[in-house]
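Chain by chain, the residues run as shown.
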Amino acid sequence: MSIVAVFALSTTKISAKKASQQKFEAKEAYVMDAKTGQVLYQKNGNHKRPIASLSKLMTLYLTKKAIDNHQISWDQKVPVDAELRKMSKSYEVGGFRIKRSKEYTVRDLYKAALIASSNSSAIALGKLVGGGNNTEFVKMMNQQAHTWNLDATFVSSSGLDNTDLKKYHYQVPHTGSKAQNMVSAKAISTVAAKVLEEFPAITKWSKQPSMKVGNQVLVNSNRLLPGEAFYHKSTHVDGLKTGFTVNAGLCITVTYWHAGRHLIATIIDSDTLYTSMNKLIKAVNQRYSPTKVALSSHVFSIDGHRVTANPADANAVIWRRNGTDSSHVVNYAKTKAQLPITKGQPVGNAIVKIADNSSTAMVPMNATVSVEKKPTKSEKTKHKVSILKRIFGFVGGIFGGIYHLFVDFVKFMTP
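Remember, it's a predicted structure, so these values are computed and weren't measured experimentally.

### Looking at the packing of helix H3 (residues 56–68) against helix H6 (residues 119–129)
It is at 10 Å that the axes of H3 and H6 come closest, and there the two elements cross at 40 degrees. On the basis of their axis angle, the class for H3 and H6 is oblique. Relative to H6, H3 is oriented so that their crossing is left-handed. Residues Lys56, Thr59, Leu62, Thr63 and Ala66 of H3 pack against Asn119, Ala122, Leu125, Gly126 and Val129 of H6. Across the contact of H3 with H6, the residue classes break down as five nonpolar, four polar and one charged.

### Observations concerning the sheet that holds strand S1 (residues 28–33)
Through backbone hydrogen bonds, the strands of a sheet pair up, either in parallel or in antiparallel fashion. The sheet built from five strands is open, its strands ordered S2-S1-S9-S8-S7 with antiparallel pairing. Among the strands making up the open sheet, the edge pair consists of strand S2 (39–43) and strand S7 (237–245). Ignoring strand direction, the axes of neighbouring strands in this sheet form an average angle of 10 degrees. In terms of strand pairing, S1 meets strand S9 (residues 261–268) through six bridges, oriented antiparallel. Residue pairing across strands places methionine 32 opposite isoleucine 264, the latter belonging to S9.

### Remarks on the sheet that holds strand S12 (residues 305–311)
Reading across from one edge, S11-S12-S16-S15-S14 is the order of the five strands in this open sheet, with antiparallel pairing throughout. A single partner strand is all that each edge strand has here, and the edge strands are strand S11 (298–302) and strand S14 (328–334). Neighbouring strand axes in the sheet, compared pairwise and without regard to direction, differ in orientation by 35 degrees on average. The pairing of S14 with strand S15 (residues 346–354) spans seven bridges and is classified as antiparallel. The partner of tyrosine 332 across the bridge, within S15, is alanine 350.

### Concerning helix H5 (residues 106–115)
With eight of its 10 residues buried, H5 lies for the most part within the structure. The complete set of buried residues in H5 reads Val106, Leu109, Tyr110, Lys111, Ala112, Ala113, Leu114 and Ile115. Looking one or two residues past H5, serine 117 carries a phi angle of roughly 55 degrees, positive in sign.

### Thoughts on the environment of histidine 232
With respect to the secondary-structure elements, histidine 232 resides in the loop between strand S6 (216–219) and S7. For histidine 232, a relative accessible area of 40% puts it in the partly exposed group. C-alpha of histidine 232 to C-alpha of asparagine 278: the two residues are 46 residues apart in sequence and 7.7 Å apart in space.

### Digging into the pattern of salt bridges
A full pass over the atoms with the stated rule returns 12 salt bridges. Note that arginine 49 and glutamate 28 form a salt bridge whose closest N and O atoms lie 3.3 Å from each other. Highlighted residues: arginine 49 in the loop between S2 and H3 and glutamate 28 in strand S1, separated in sequence by 21 residues. Exposure remark for arginine 49: the relative accessible area of 9% places this residue in the buried category. With a shortest N-O distance of 3.5 Å, lysine 167 and aspartate 164 are connected by a salt bridge. Several salt bridges converge on common partners, so that one network encompasses Lys27, Glu28, Arg49 and Asp269.

### So, the packing of H6 against helix H7 (residues 134–147)
To describe two helices that pack against each other, one gives the angle between their axes and the distance between the axes. The contact between H6 and H7 brings their axes to 8 Å, and the two run at 90 degrees. By the angle between their axes, H6 is roughly perpendicular relative to H7. For the pair formed by H6 and H7, the contact residues are Ile123, Gly126, Lys127 and Val129 on the first element and Asn134, Phe137 and Met140 on the second. For the contact of H6 with H7, a count of residues per class yields four nonpolar, two polar and one charged.

### What about the packing of aromatic side chains?
Summed over the entire model, instances satisfying the criterion amount to 10 aromatic pairs. Between phenylalanine 199 and tryptophan 205, the ring centres sit 5.7 Å apart and the planes meet at 80 degrees, which makes this aromatic pair edge-to-face. The exposure classification of phenylalanine 199 matches that of tryptophan 205, with both residues buried. Between phenylalanine 300 and tyrosine 332, the aromatic rings sit 6.5 Å apart at their centres with planes inclined by 80 degrees, giving edge-to-face as the arrangement. Of the two residues, phenylalanine 300 sits in strand S11 while tyrosine 332 sits in strand S14, which places them 32 residues apart along the sequence. Since its relative accessible area comes to 5%, phenylalanine 300 is described here as buried.

### Description of unusual backbone geometry
Geometrically, the link from glycine 239 to leucine 240 is a cis peptide bond, its omega value of 15 degrees lying close to zero. Relative to the elements of secondary structure, leucine 240 occurs in strand S7. Residue leucine 339 is joined to proline 340 through a cis peptide bond whose omega torsion reads 5 degrees. If you trace the backbone, proline 340 turns up in the loop between S14 and S15. Of note, alanine 52 is a non-glycine position whose phi angle comes to about 55 degrees, a positive value.

### Points about the side chain of glutamine 180
Take glutamine 180: it is sitting in the loop between helix H8 (162–165) and strand S4 (182–183). Here asparagine 247 takes part through its side chain, which lies 3.4 Å from a polar atom of the side chain of glutamine 180. The contact partners of glutamine 180, leaving out residues within four places of it in the chain, are Pro50, Thr153, Val155, Asp161 and Asn247.

### Some details on the pairing of S7
Most of S7 is tucked away: eight of the nine residues are buried. Note: S7 against strand S8 (residues 249–258), eight bridges, orientation antiparallel. Pairing of valine 237 across the sheet is with tyrosine 256, part of S8. Counting the residues that bridge the hairpin from S7 to S8 gives three residues.

Cut-offs and rules
- Residues numbered from 1 in each chain as written.
- Predicted model: local features only at pLDDT ≥ 70, side-chain atom pairs only at ≥ 80, totals over all residues.
- Heavy atoms only, no water.
- Axes fitted to C-alpha atoms, helices over the stretch in contact; angles between N-to-C directions.
- Helix = DSSP H or I, 4+ residues; strand = E, 2+ residues; numbered from the N terminus.
- Parallel < 35°, antiparallel > 145°, perpendicular 65-115°, else oblique.
- Left-handed = near helix turned anticlockwise from the far one by under 90°.
- Contact = heavy atoms within 4.5 Å.
- Nonpolar A, V, L, I, M, F, W, Y, C, P; charged D, E, K, R; others polar.
- Pairing = 2+ DSSP bridges.
- Buried < 20%, exposed > 50% of the residue type's maximum accessible area, 1.4 Å probe, protein only.
- Salt bridge = Lys/Arg side-chain N within 4 Å of Asp/Glu carboxyl O.
- Phe/Tyr/Trp six-rings, centres within 6.5 Å; stacked < 30°, edge-to-face > 60°.
- Polar contact = N/O pair within 3.5 Å; in protein donor to acceptor, adjacent residues only side chain to side chain.

Here it is as structure tokens:
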């Protein structure tokens, strides 16, 4: 069954009126500040498990990153092979029909993957970013997760399990016949935060209940948006991604606003998905309020050099439980251990902690100057030898030229 059909079925079972009476439930849940990473709520947040189409958030991030690095462009045409076109027409795993007679741009398929959760669109985008190689792109997904220190293992750019992918010959070699993406709620929430950082305007698309690409209407399965059955004006939801497979259950990662801050909330495997998300958001909003903490410059010792860094934000925002002490501590931790350093480059973090709360907020600290790497004694010696070789080579060339000129002159003068 397609994800749109599954979500439609699940939401018709529970009326909006009964929804308010439902109890919050989910196997995993996680709520964080999108900018500072502070955790406001978590339930089994570090537990790796199937996350279905929430996986597409990593694909969307890497696609936008490739656009920003000028490796691909929004208006570039995307090759779509016969297997992916076949997949797009499937009732179970389709969602956006890709026609052979049509050409689709990166923008078209990006919207289809985001709004309609099109699996074939996500895979086609991944292949494009991976230089035409699906396996290479999945490798990129795992490398990016490792770079961010996330607890995540990807075998698919779409979130489909290998049980579905092998039907279309898109199973990554050397992975099990039933392998699937295994990602924690914390990890995919962090990916969502990276997506927002890389592409803030994505919410202009993700908050649309529907959108047209060509002559097809993309239907957003997020029922928390304005005009939908589970919309609450107090939650201010503007995205981001839904997901479903039999193994993962119903999943969602939302972005929403509270007290002027963008927050991210993820629920994985819930039979009362939208009801539970509304209750989760309401509970967090009632429990926490933001507090501003002024930050100043800090000097880090990096590779034997004193490097001054300024906070990316002059004021950190940390959430505190209502009715509790707002006293706090600020610590600094460097993230850069070696030179060279470029002005404006993050070299550490300011870590703000409320006295009665174990969670922290982090603000990047950016270098105020560039610092070049000093050469080692060995490198200096090699450099000197190189210079001497060039000098002697130049001088030798001059004397060699004079010698040959003299020989030619003698030959010319000899009868």
